Amino acid sequence: MEHQELKENLEEQIRDALNILQLLEVELSANEDDEHIIRTVSIIEKILKSSLELLKHIN
């Protein structure tokens, strides 16, 4: 695989993970589950969003 293709695959995987985390966060909030778990999901989302931004700057 060439560099650009690897980058695109990684971006897609991160977006997929973000979508899953967003669904999980909504479900946890709706069920009023443990706030620590909800905060942890939110932190993981922020980390993945930051990683996605960093990937955009890689040539």
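Scroll up a little and you will see the structure.
Described in the following lines is the structure provided in the data block. (Residues numbered from 1 in each chain as written. Predicted model: local features only at pLDDT ≥ 70, side-chain atom pairs only at ≥ 80, totals over all residues. Heavy atoms only, no water.)

## Some remarks on the environment of Arg 15
Okay, so step 1: Here Arg 15 is to be found in helix H1 (residues 3-30).
Okay, so step 2: Judged by relative accessible area, Arg 15 falls into the partly exposed class, the value being 40%.
Okay, so step 3: In sequence terms Arg 15 and Glu 25 are 10 residues apart; their C-alpha atoms lie 15 Å from each other. (Helix = DSSP H or I, 4+ residues; strand = E, 2+ residues; numbered from the N terminus. Buried < 20%, exposed > 50% of the residue type's maximum accessible area, 1.4 Å probe, protein only.)

## Regarding helix H2 (residues 35-56)
Okay, so step 1: With 22 residues, H2 should reach 32 Å at 1.5 Å per residue; the first-to-last C-alpha distance of 32 Å fits that figure.
Okay, so step 2: Residues Ile 38, Val 41, Glu 45, Leu 48, Leu 52 and Leu 55 constitute the buried set of H2. Down the axis, H2 shows its buried residues gathered within 100° of arc, on one side only. Among the exposed residues of H2, those oriented more than 90 degrees off its buried face are His 36, Lys 46, Ile 47 and Leu 54.
Okay, so step 3: Two or three places before His 36, at the opening of H2, Asp 34 has a side-chain oxygen 3.0 Å from that residue's backbone nitrogen. (Expected span 1.5 Å × (residues − 1). Arc of directions from axis to C-beta. Polar contact = N/O pair within 3.5 Å; in protein donor to acceptor, adjacent residues only side chain to side chain.)

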